[in-house]
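One-letter residues, chain by chain:
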Amino acid sequence: MADIKTPPGTAAEATGPAGPRPGRAAPAASLRRTRARATAGSGRMAALLVSPTLLVLSIVVLYPTVMALKESLYGTKGLDPKTGFIRTTEPFVGLTNYGDVFGAGGDRFWNAFWNTTFFTVVTVGLETLIGVAMALIMHKAFRGRALVRAGILVPWAVPTAISALLWRWIFNSNGIANAVVGHQILWTTEGFHAKVAVIIAEVWKTAPFIGLLVLAGLQVIPKEVYEAARIDGASALGQFWHITLPLVKPALLVAVLFRCLDALRMFDLPYILVGAQKNSVETLSMLAQNEASNVRFGPASAYAVLLFLYVFLIALAFVRLLGADLVGGGAASGSEGRNRRRRITALRRAEVTA
């Protein structure tokens, strides 16, 4: 057989007939140590850059949460049954405030809980539909588009308190709403109509927010994609369902997540529009505020902690179920994502061995 010459520097020359030559592992080990030092340095720099944000979050989020959790373990001062005098300090009651939620006195809490959930589901659903429609309108090129965009975004710029006062005037007994429906409805009193008033005002106020985020997602879609779809004979509905909706899905999911978290903490709009201590529209935030205003800080803190856990669980479930889509990596899920990770690992090993 003819001798096969191996070019210098190749893997065959490095290994040779008797296996790897001594001293060839040194460059690979040195490369690994260099990369480890670079990674450690990047980690320290990242921690240094993130530390101010973590400090601010600890002050404005972590500390109040811990204090609310501590306060929820105490009851109201009231009368001391042993002495008959008013207590000077709040008594330690442990988990009694949380246990009362599941007892006979928890009816008001569960009413506020279901009101909060109902408002969140209905308002976010309507805002998503209307917001997507707004984004499609604002994305079209037509005369006067800037004016239309400004008109759509005005409700989002109006402060919530001002918006609530505006809708309270609209839903007055002699207001525009009754003139439109042709009936005398007391919108701001107890009943399902009070819920309808809150939903209308909330959707009008925050639907442009979803529209704005979806519009940002629409503007990054290449026009060539739609041109190719039109050449293939896709209808307008088909283009929306198979092109627009999948490509704006990450932005839409982020907008829906933000709106869910905001709606779960709804307070100022129903408080100003309808009023406090209205069973029809009382939310968990309103209940906690009412307890605190009546100097029942223990139950108020317990309600606030439960609301915090509710919001946290919703956000966690949302991110765990749709986390890949939130970062735009939904296409890399499943076997494709595993194959991609294997390819990256193989490339890194090849770099180390080279």
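Scroll up to find the structure this text is about.
Residues numbered from 1 in each chain as written. Predicted model: local features only at pLDDT ≥ 70, side-chain atom pairs only at ≥ 80, totals over all residues. Heavy atoms only, no water.

**Looking at the packing of helix H4 (residues 107-139) against helix H5 (residues 145-157)**
Moving on, step 1. As a packed pair, H4 and H5 sit with axes 9 Å apart at the nearest point and diverge in direction by 155°. Here H4 is positioned roughly antiparallel relative to H5, judged by the angle of their axes. For H4 against H5, the interelement crossing comes out left-handed. In contact with Met134, Ile137, Met138 and His139 of H4, H5 contributes Arg145, Val148, Arg149 and Ile152. (Axes fitted to C-alpha atoms, helices over the stretch in contact; angles between N-to-C directions. Helix = DSSP H or I, 4+ residues; strand = E, 2+ residues; numbered from the N terminus. Parallel < 35°, antiparallel > 145°, perpendicular 65-115°, else oblique. Left-handed = near helix turned anticlockwise from the far one by under 90°. Contact = heavy atoms within 4.5 Å.)

**Let's talk about the pattern of salt bridges**
Moving on, step 1. A full pass over the atoms with the stated rule returns seven salt bridges.
Moving on, step 2. Between Glu291 and Arg108 there is a salt bridge; the shortest N-O distance is 3.6 Å. One end of the pair, Glu291, is in helix H12 (residues 284-293); the other, Arg108, is in helix H4, and 183 residues separate them in sequence.
Moving on, step 3. The exposure class of Glu291 is buried, given its relative accessible area of 7%.
Moving on, step 4. A salt bridge links Asp262 to Arg265, with the nearest nitrogen and oxygen atoms 3.4 Å apart.
Moving on, step 5. In this structure Asp262 comes out as partly exposed when scored by relative accessible area, which is 31%.
Moving on, step 6. Put simply, Glu127, Glu202, Arg259, Asp262 and Arg265 are held in one network by salt bridges that share partners. (Salt bridge = Lys/Arg side-chain N within 4 Å of Asp/Glu carboxyl O. Buried < 20%, exposed > 50% of the residue type's maximum accessible area, 1.4 Å probe, protein only.)

**Quick word on the nonpolar core**
Moving on, step 1. Among the nonpolar cores identified, the biggest contains 56 residues, and Phe171, Val198, Val214, Leu273 and Leu284 are the most heavily contacted of them.
Moving on, step 2. Secondary-structure elements contributing two or more residues to this core are H4, helix H6 (160-170), helix H8 (192-218), helix H9 (223-231), helix H10 (236-264), helix H11 (268-273), H12 and helix H13 (297-326).
Moving on, step 3. With twelve residues, H8 is the largest single contributor of residues to this core.
Moving on, step 4. Beyond its immediate sequence surroundings of up to four residues, Phe171 is in contact with Ala177, Trp187, Ala197, Ile200 and Leu273. (Core = buried A, V, L, I, M, F, W, Y, C linked by side-chain atoms within 4.5 Å.)

**A word on the layout of surface pockets**
Moving on, step 1. Taken as a whole, the largest pocket encloses approximately 520 Å³ of empty space.
Moving on, step 2. Elements supplying a minimum of two residues to the lining of the largest pocket: H4, H9 and H10.
Moving on, step 3. Partitioned by chemical class, the residues of the lining of the largest pocket number seven nonpolar, four polar and four charged. (1 Å grid on protein atoms, 1.4 Å probe; cavity = no way out; pocket = protein on both sides within 12 Å on 5 of 7 lines; lining within 4 Å. Points joined across faces, edges and corners; volume = space filled by probe spheres on them. Nonpolar A, V, L, I, M, F, W, Y, C, P; charged D, E, K, R; others polar.)

**Looking at a nonpolar patch on the surface**
Moving on, step 1. A contiguous nonpolar patch, built from Met45, Leu48, Leu49, Val50, Leu54, Leu55, Val56, Leu57, Ile59, Val60 and Val61 and spanning about 1,000 Å² of accessible area, is present on the exposed surface.
Moving on, step 2. Take Leu48: it is sitting in helix H2 (residues 25-71).
Moving on, step 3. For Leu48, a relative accessible area of 55% puts it in the exposed group. (Patch = residues over 30% accessible without salt bridge, like charges linked within 9 Å, V, L, I, M, F, W, Y side chains within 5 Å. Areas by Shrake-Rupley, 256 points an atom, 1.4 Å probe, with all protein chains shown as cover.)

**A look at the side chain of Lys205**
Moving on, step 1. Inspection of the secondary structure puts Lys205 in helix H8.
Moving on, step 2. No salt bridge forms around the buried Lys205; measuring N to O, its nearest opposite-charge neighbour Asp262 is 7.4 Å away.
Moving on, step 3. Here Val158 takes part through its backbone oxygen, which lies 3.2 Å from a polar atom of the side chain of Lys205. (Lys, Arg positive; Asp, Glu negative; His and termini not counted. Polar contact = N/O pair within 3.5 Å; in protein donor to acceptor, adjacent residues only side chain to side chain.)

Geometric descriptors of this kind do not, in isolation, establish any biological role.
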